[in-house]
Protein chains: 6
Amino acid sequence: MGNIVAFGEMLMRLSPPGYQRLIQASSFDAIYAGSEANVLISLAQMGCQTKYVTRLPENPLGEAARNALRHWGVDTSHVAWGGKRLGLYYLEQGAALRASNVIYDRAGSAMAEAEPSMFDWDTILKGADWFHFSGITPALGEGCAEAALQALRAAKKRGITVSCDLNYRAKLWTVEKCRSVMIPMMEYVDVVLGTSEDADDVLDIQLPPMGMRDASIAAAEAIHKRYGITISAMMQRESRSVIDKGWSAVLYDGGAVYDSQHYELHTVDIVGTGDAFAAGLIYGLRSGRGPQFTVNYALAASALEQTMVGDYNMASAEEILPLAETEGFQDIKR
Amino acid sequence: MGNIVAFGEMLMRLSPPGYQRLIQASSFDAIYAGSEANVLISLAQMGCQTKYVTRLPENPLGEAARNALRHWGVDTSHVAWGGKRLGLYYLEQGAALRASNVIYDRAGSAMAEAEPSMFDWDTILKGADWFHFSGITPALGEGCAEAALQALRAAKKRGITVSCDLNYRAKLWTVEKCRSVMIPMMEYVDVVLGTSEDADDVLDIQLPPMGMRDASIAAAEAIHKRYGITISAMMQRESRSVIDKGWSAVLYDGGAVYDSQHYELHTVDIVGTGDAFAAGLIYGLRSGRGPQFTVNYALAASALEQTMVGDYNMASAEEILPLAETEGFQDIKR
Amino acid sequence: MGNIVAFGEMLMRLSPPGYQRLIQASSFDAIYAGSEANVLISLAQMGCQTKYVTRLPENPLGEAARNALRHWGVDTSHVAWGGKRLGLYYLEQGAALRASNVIYDRAGSAMAEAEPSMFDWDTILKGADWFHFSGITPALGEGCAEAALQALRAAKKRGITVSCDLNYRAKLWTVEKCRSVMIPMMEYVDVVLGTSEDADDVLDIQLPPMGMRDASIAAAEAIHKRYGITISAMMQRESRSVIDKGWSAVLYDGGAVYDSQHYELHTVDIVGTGDAFAAGLIYGLRSGRGPQFTVNYALAASALEQTMVGDYNMASAEEILPLAETEGFQDIKR
Amino acid sequence: MGNIVAFGEMLMRLSPPGYQRLIQASSFDAIYAGSEANVLISLAQMGCQTKYVTRLPENPLGEAARNALRHWGVDTSHVAWGGKRLGLYYLEQGAALRASNVIYDRAGSAMAEAEPSMFDWDTILKGADWFHFSGITPALGEGCAEAALQALRAAKKRGITVSCDLNYRAKLWTVEKCRSVMIPMMEYVDVVLGTSEDADDVLDIQLPPMGMRDASIAAAEAIHKRYGITISAMMQRESRSVIDKGWSAVLYDGGAVYDSQHYELHTVDIVGTGDAFAAGLIYGLRSGRGPQFTVNYALAASALEQTMVGDYNMASAEEILPLAETEGFQDIKR
Amino acid sequence: MGNIVAFGEMLMRLSPPGYQRLIQASSFDAIYAGSEANVLISLAQMGCQTKYVTRLPENPLGEAARNALRHWGVDTSHVAWGGKRLGLYYLEQGAALRASNVIYDRAGSAMAEAEPSMFDWDTILKGADWFHFSGITPALGEGCAEAALQALRAAKKRGITVSCDLNYRAKLWTVEKCRSVMIPMMEYVDVVLGTSEDADDVLDIQLPPMGMRDASIAAAEAIHKRYGITISAMMQRESRSVIDKGWSAVLYDGGAVYDSQHYELHTVDIVGTGDAFAAGLIYGLRSGRGPQFTVNYALAASALEQTMVGDYNMASAEEILPLAETEGFQDIKR
Amino acid sequence: MGNIVAFGEMLMRLSPPGYQRLIQASSFDAIYAGSEANVLISLAQMGCQTKYVTRLPENPLGEAARNALRHWGVDTSHVAWGGKRLGLYYLEQGAALRASNVIYDRAGSAMAEAEPSMFDWDTILKGADWFHFSGITPALGEGCAEAALQALRAAKKRGITVSCDLNYRAKLWTVEKCRSVMIPMMEYVDVVLGTSEDADDVLDIQLPPMGMRDASIAAAEAIHKRYGITISAMMQRESRSVIDKGWSAVLYDGGAVYDSQHYELHTVDIVGTGDAFAAGLIYGLRSGRGPQFTVNYALAASALEQTMVGDYNMASAEEILPLAETEGFQDIKR
């Protein structure tokens, strides 16, 4: 199979150890991550060929971000080098009823100031059969939005499947701005994922009050009807506490609805759940094992990711498959 | 509004990392804290003017304790300097069914050996409109008990509102000794907080077996009747495990009973819950927003504090208010 | 009372901090532990005289393993010195539905290459009245299995009580090999502990599908009938998540069945539960306080161990007794 | 005596533990510091009244920076709140012949985007008798340069003594730009400090090749002659390795030259030496103990600072005085 | 050979990581140590039988102190249990010209409040042939001083060799008090060690100004003449910086003077040098290899100790001997 | 230019933090490294194309070792997967006169049990123009030695330049065994590096007593004469302490001798110096800038490596060149 290409921003995440607050931290744990990068890292651990497109500054932090991608087996040969700084985000992990908090410090980053001319999509997409992006990339700035659009057009021309994680971020742009940029992109998109709230914020799918599963299905159907996108996967979070949740998803393939298994999860690290779900979804769809397997595998992948420290899933397909294929889980392997 | 003054002992807390036991620790995390200091630190984060009165030794540890207060915005201009050592306490955090353990090492501390003459309450209380202390301060020694009494008298004379956290500590004194010192102080007290067990240990309020809420109300009424104290706030802990609990409170204002919301909490750090409640109570009472708001705000503050590392609440009023005013909580802000 | 002697391998356990995975670790926490050593360390904290028999290499790691035993009060005067390396195991702690993972790196260890002639059981067992081993020791190699058998014979000759933790380890040997070695040892064993799965893997006790408690009883009765072993203790784990469980046990004494109390536990460190149970069982049986106390005490000990960092129980008998004798637990001691 | 006011930017410093490189770091130690803030923190430890003027963002990092100043006793009542982000700098500490490396990430910071109207110097300077700034502040942007100029004029009007640490930073601006901004400010400056290289970069004092002490004196004399500034203090670094140096200074008071003592130093943390020297210089000049004491005290202070972790001197005057007044040092106090 | 018995106080040492100051520490590394305990731990690593006599409180910290001794192979069967607290000391390690600082917090400790009746020297000294103490033990209080005197008398009666490390501590007592207690003990002492400054402070040996080696010899001769003690070992520290020193010693045996080798040392951890020297001295004297070997071995041991983290020497005799017997040292063993 | 291929074993290095000893460590820092891997990692940072050949076990540790190579940009597509374990080594860093200590735990590793048939050199060497190995690889076992020989023959056939770091390891084999394996390999080697001691241990070059530089030259000449190898680079270490050294090298090119610059170095991490020198040597020889540049560059690279934490040089060519081309170094870049 071909390469899976993704386009997005790599950030340094700075988080205080454990449950410390930002205001009290005297040290930060640092990892390099980003929504689309997380998806590729997950896919690479499952054995897929992946290629990440971004812009990084020529300094030790930009190089460390590149090294992190290489570490996990993602091809970085199409990184555009330049710009003034690496974007950051600070993460304060919540607990019980204290909300987690993300502070973005990514304005003026190498990627936020990227220009479309920095990415030669014809070269980049050679050998690719899948292109992935999220709603964060076009939110970074005009240049990124335009570059993403060019990528979508080039992908379409080559018959490459395109997936989009809606990923609305209120700290990056308004709902109005988001819709004005994202909706026109939908004509190039084959697979959408997100939540029914994302469907509203990003795609203007307004629903009357209803249950969570009903809302997922209604959003998926509306996306199909309005934007002609056949496949939608909707994640369903039932909040027990800031770090405890019920977790499930539905996949709609233009015809039927497929419900995933359901988990009750105590989360180790709150970031990257959707990215791991996206990776599982892409893996499942490419596997040819059908929609039921796909939604189960994607849910298992995203559930596993929540047990790991960091923003991405380090599980191999061998680890995920038993959870996708059976009811239970194993306590210990020894 | 005026200053909130509190009088108590600042200790260095030494706790092994994570769930390690004292007997196995090869390092200790250190913070500077104390019941009344915690109350003021919490209030300062909510925007109140606060002033802490204590005695600290003139060495790097005493200075570090002072610096910690300044760090969080508490006025330390009335610290009395002198004495031989800073008091310590060792904290071993429990888990599941293993009890948390506190070892006090505070005998002979600067504060335990304080004399009443070291504190000039007329000067200290200038500009103050609230005075707070807990049952720990008089337990430290004769000098502290006498100084506290002088403070109470000076406060009364100036028409300053006085709040008292009953805070019985079995490792510091006996129930009998405690009652003999604390009960005479009640004539100066306007607001009492604690649990119905504290009411028994400290104020000799003996109740027949009954449910937790009933006991809270009965204790509050008895405090009113016996000591003439109108406002009592009673915290209610339902123990699920050593670090999981149901958490609620009632406020009695001499007429009606106000029930707080109820939370189920997984605790990050077990110390300081009552102090955060006290701060929330004082903030609520001073806000003029009424008893229902007050008990809700105090409960929200104490619940949040349990999600933080350390003995005090680092939440601003802006963080606490949504929990006091609504039903739910937010998962993540991004 | 006499010494409690145990025979087994001491390993260095290397585990990444917190919930990190092995593949991402840049540091490892190190402790020295092993099934039988853990049992003795637990017993020593309860005030028993203990003596550990093993083989350790003459290098800083072997010496550190010996020091760890001395640290906790276990007699190491019969350690056999020699061999090429200290065995290791890597522990990745799981969370939610991600299984914990153990990687053994113990081939070629000093103990695995031990010869029976290195252990003079007549000398070692002088003054002993109890001998303990687990199914791990004979799995290490021919020499260990033969040495264990000689120990059993010597113990029998001296009238020493023998306990065996079945402890089947699929990564060390096959069920067939295990049974061929372990079953002949049963004639020397007085007390067996494990799970009903162990009873199948180790002792060929095959049961039809049935409930967990029924299986425990059926296994215990079969062990009694088939191997003449009167006392069997069966642990019962109900898996809620990888680190949450229902926890109970039954003790069968050849006549009646004694059910322990039941706990719901959130586990701090997953290793050593069975070893702590074994220690509690041995302590209880030696106490003369009868089977009901014994199974309660053993369960309480193993429950407490799961709240501690490391492979062994650091609780004194004074800490365990209240849990064995009453219903509840205490939140904090201060 | 009056307040010492300083104006500058507070940054978060992120440095990898020990001698790790930025490119390999998986965690960063964080402190809040800045050239002028460091000077005030040092002075506050010596017992001086200090007030820091800056602009900080209204987020947990801005608040933490403010708290750090309060912690050390610096008055923060004139912080201007607002702006988008807190400036950062990354510090990689060098060793042997590997140079230390600083990466600034301060563009777009709250302070860099400050406007002169945000600082009401008439109010700020009430009660002050000293104003300090360094060449970094005007380098941050037009607004900062203009605000600094207004501060200088207001100071002059009030007869406040002004000290300036030349502090040329090649990563912030060019020599040409620097000179064009800084030279006009010299008419308001009473005390200058730096190195003879700074004198060239900032004040266009070009010297023929000569020895280090000669260059110091020549620069000081030129500053006197050209800019009418009587007091110049020049630091003299003889580089043995990246973290080992010979360390001395000269003070010129418009008449005579005063040589400090000389130290050979192995540096614990490379940042803040000049700031600690500035603080010592200010303290010495205000003490009225004369130029020889002043240069000795300033050198001792800056030498001590190099033995401490962080950017500022935590030594009290009591610690510094013996080094300023005698030849030797003490090994241990016990 | 017989047991080596020592009598002293075991403290918990709390030191900030690396070169942090006490005033800035947010965590402390903890070890359990004490002058005489350090000597025994060193000797145990060299293969000697050792027994430590002290008093420890019955709490997790007292038990941890006991465990540390067991860890390193020291017999703790004669620890007296009781008292209120474990003594502490805070250590701030200096650097360059910043002095190291020790803050004692040992008043009211279990040992400081020990009574002579708690130690049954006849039982304790059974099987012993050497008794060691330092000047710290009698400084702890009347009870300790009296108990030490009783130990000395009991030792003398049994013909046990007695060594005394003079170890003057200005923070524990005055020179006058020290002399009044220590001088009368000298009649029981066979071997003295310290510095010529100690000889003055403790034994009132006042010397005119002279070189360091001359002072050592003069002090040793005076000790011989005045107190009849034949063997004196004098350590000689030439201070290059707070953590760099020239290091040598002389041994006087009542006849000749034996000079050790000389080292230039960069110290890793500043505490315990004299204790390691004492251990080396005792080992050398017991070895029968003569005074030159003894002083070389003691110096090598104390030099090695300074390269280790903690208060005691973890080197085996096999590691020390090559340094005592040859000129050089080895870089790496691989 | 072509690929640089190297063949060797990748180990996990476990080292206690700071200057802790192995016997006291409760945690280990872990990195993945190995002599030939270190050379390639260094070369990759300089911008060279590199390919590493080894055998790794299919478990998280083997994968982590592969990831580390990818991280730094080394091609791992020819790793042979299989075997039972990853080899380890424990490193205790020395200080002052305490020797560093390496404990190998690599017997039975995937690489030690590798068979020649696992490596298809014709495929591997396609596109390569340089092959590097050290004396460690053939020491691992018969299979490795034979595979190395086959690699040498394949390299020779293709006209690939071969470099060999003599690297004698006394803990892996005897001098006799080493010579019998290594000397026959010399006919394939074009460039040799090491020390004059290595030349004796590995190549049987016995020299009469002489100065260090004379010995370097004599060894190089003997290697030329006896084995026909034109280029030899000899490193020269003058030991000041275990972690302080004088550092220089000579390069002999069959005609002239080229002396490098000389450094005095305080070492941050003792391992990998020779590997960094090898990488610098290879880079210099391939650069075409001549022997004087080459030896200077190699020495600068190896000096820089000693300032870094870990076994390999993370410096780019841009960082190394100024040291190779000039006399001095820079203190700080800001």
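Not measured: the values here are computed from a predicted model.

Peer 1: Give me the lowdown on the interface of chain B and chain A, citing residues and values where you can.
Peer 2: Residue-level contacts link 20 residues of chain B with 24 residues of chain A. In this assembly, chain B packs against chain A so that about 2,000 Å² is buried in total across both faces, 64% of it on carbon and sulfur atoms. Contact with chain A buries area across many residues of chain B, yet B:F329, B:D331 and B:R334 alone supply 36% of it, more than any other trio. Between the two partners, chain B and chain A, sit two salt bridges.

Peer 1: Explain the relation of the copies chain B and chain A to me, using residue names and the numbers behind them.
Peer 2: There are two copies of the chain, and a rotation about an axis plus a shift along that axis relates them. Structural alignment of chain B on chain A gives an RMSD of 0.0 Å, achieved by rotating through 120° and translating 0.0 Å along the axis. Expressed as a symmetry operation, the mapping of one chain copy onto the other fits a three-fold axis. Rotation axis and chain B: the residue whose C-alpha lies nearest the axis is B:G18, separated from it by 5.3 Å.

Peer 1: Lay out the packing of helix α1 (residues 35-45) of chain C against helix α9 (residues 273-287) of chain C in plain terms, naming residues and giving numbers.
Peer 2: Residue and element names in this part refer to chain C. At a minimum axis distance of 8 Å, the contact between α1 and α9 shows a crossing angle of 50°. In terms of orientation, α1 lies oblique with respect to α9. Along this stretch, α1 crosses α9, giving a crossing that reads as right-handed. Taken together, the residues of α9 that come into contact with α1 (itself represented by S35, N38, V39, S42 and L43) are D275, A276, A278, A279, I282 and Y283. For the contact of α1 with α9, the residue count by class is seven nonpolar, three polar and one charged.

Peer 1: Just give me the short version of the pairing of strand β13 (residues 244-252) of chain F, but keep the residues and values in it.
Peer 2: All names here are of chain F. Within β13, eight of the nine residues are buried, which leaves the element mostly enclosed by the surrounding structure. Relative to β13, strand β12 (residues 231-241) runs antiparallel, the two sharing nine bridges. What sits directly across from S241, in β13, is D244. Taking the residues between adjacent antiparallel strands as the criterion, β12 and β13 are bridged by two residues.

Peer 1: How would you sum up the sheet that holds strand β16 (residues 332-333) of chain A? Please name residues and give values.
Peer 2: The strand order across the open sheet formed by ten strands is β16(A)-β8(C)-β7(C)-β2(C)-β3(C)-β3(F)-β2(F)-β7(F)-β8(F)-β16(E), and the pairing between neighbours is mixed. Strands at the two margins of the open sheet, each flanked by one partner only, are β16 of chain A together with β16 (332-333) of chain E. Here two bridges tie β16(E) to strand β8 (residues 100-105) of chain F, and the two strands are oriented parallel to one another. Across the sheet, E:K333 pairs through a bridge with F:N101, a residue of β8(F). The sheet strands contacting helix α2 (residues 60-71) of chain C are β2 (11-15) and β3 (27-33) of chain C together with β3 (27-33), β7 (88-92) and β8 of chain F, and the helix crosses β3(C) at an angle near 60°.

Peer 1: Outline the sheet that holds strand β7 (residues 88-92) of chain D, listing residues and values.
Peer 2: What holds strands together in a sheet is hydrogen bonding between their backbones, with the strands either parallel or antiparallel. Pairing within the open sheet is mixed, and its ten strands lie in the order β16(B)-β8(A)-β7(A)-β2(A)-β3(A)-β3(D)-β2(D)-β7(D)-β8(D)-β16(F). Either end of the sheet is taken by a strand with one partner, and the two such strands are β16 (332-333) of chain B together with β16 (332-333) of chain F. In terms of strand pairing, β7(D) meets strand β8 (residues 100-105) of chain D through five bridges, oriented antiparallel. Of the residues in β8(D), the one forming a bridge with D:L91 is D:V102.

Peer 1: Which residues make up helix α8 (residues 212-227) of chain B, and what values go with them?
Peer 2: Spacing of three or four residues puts side chains on the same side of an α-helix, whose turn is 3.6 residues. Residues and elements named next belong to chain B. Taking 1.5 Å of rise per residue, 16 residues should cover 22 Å, and α8 covers 22 Å from first to last C-alpha, within 8% of that figure. Looking only at α8, the buried set comprises A215, S216, I217, A218, A219, A220, A222, I223 and Y227. Looking at the buried side of α8, the elements it contacts are β11 (191-194), α7 (196-203), β12 (231-241), β13 (244-252) and β14 (257-259).

Peer 1: Which residues make up unusual backbone geometry, and what values go with them?
Peer 2: Apart from glycine, the bulk of residues carry a negative phi angle, and the bulk of peptide bonds sit in the trans form. One non-glycine residue, D:A96, adopts positive backbone phi at about 50°. With respect to the element layout, D:A96 can be found in the loop between β7 and β8.

Peer 1: Account for the environment of E:G194, naming residues and giving values.
Peer 2: All names here are of chain E. Within the fold, G194 resides in strand β11 (residues 191-194). Here G194 falls in the buried class, since its relative accessible area comes to 0%. Sequence spacing of G194 and G288 is 94 residues, and the spatial spacing of their C-alpha atoms is 22 Å. If sequence neighbours within four positions are ignored, G194 has contacts with D165, A233, M234 and M235.

Peer 1: A description of the state of the cysteines should follow, citing residues and the corresponding values.
Peer 2: Across all of its chains, the model carries zero disulfides over all chains by this definition. This cysteine, A:C164, is not joined by any disulfide, and A:C178 carries the nearest cysteine sulfur, 9.2 Å off. Taking the relative accessible area as the measure of exposure, A:C164 reaches 0% and is therefore buried. Considering cysteine sulfurs only, B:C178 is the nearest to B:C144, which forms no disulfide, with 15 Å between them.

Basis of the calculations
Residues numbered from 1 in each chain as written. Chains lettered and ligands numbered in written order. Predicted model: local features only at pLDDT ≥ 70, side-chain atom pairs only at ≥ 80, totals over all residues. Heavy atoms only, no water. Contact = heavy atoms within 4.5 Å. Buried area = accessible area lost by both parts, 1.4 Å probe. Salt bridge = Lys/Arg side-chain N within 4 Å of Asp/Glu carboxyl O. Least-squares fit on C-alpha atoms with pLDDT ≥ 70 in both. Axes fitted to C-alpha atoms, helices over the stretch in contact; angles between N-to-C directions. Helix = DSSP H or I, 4+ residues; strand = E, 2+ residues; numbered from the N terminus. Parallel < 35°, antiparallel > 145°, perpendicular 65-115°, else oblique. Left-handed = near helix turned anticlockwise from the far one by under 90°. Nonpolar A, V, L, I, M, F, W, Y, C, P; charged D, E, K, R; others polar. Buried < 20%, exposed > 50% of the residue type's maximum accessible area, 1.4 Å probe, protein only. Pairing = 2+ DSSP bridges. Expected span 1.5 Å × (residues − 1). Disulfide = S-S within 2.5 Å.

Keep in mind these numbers describe shape, not what the thing actually does.
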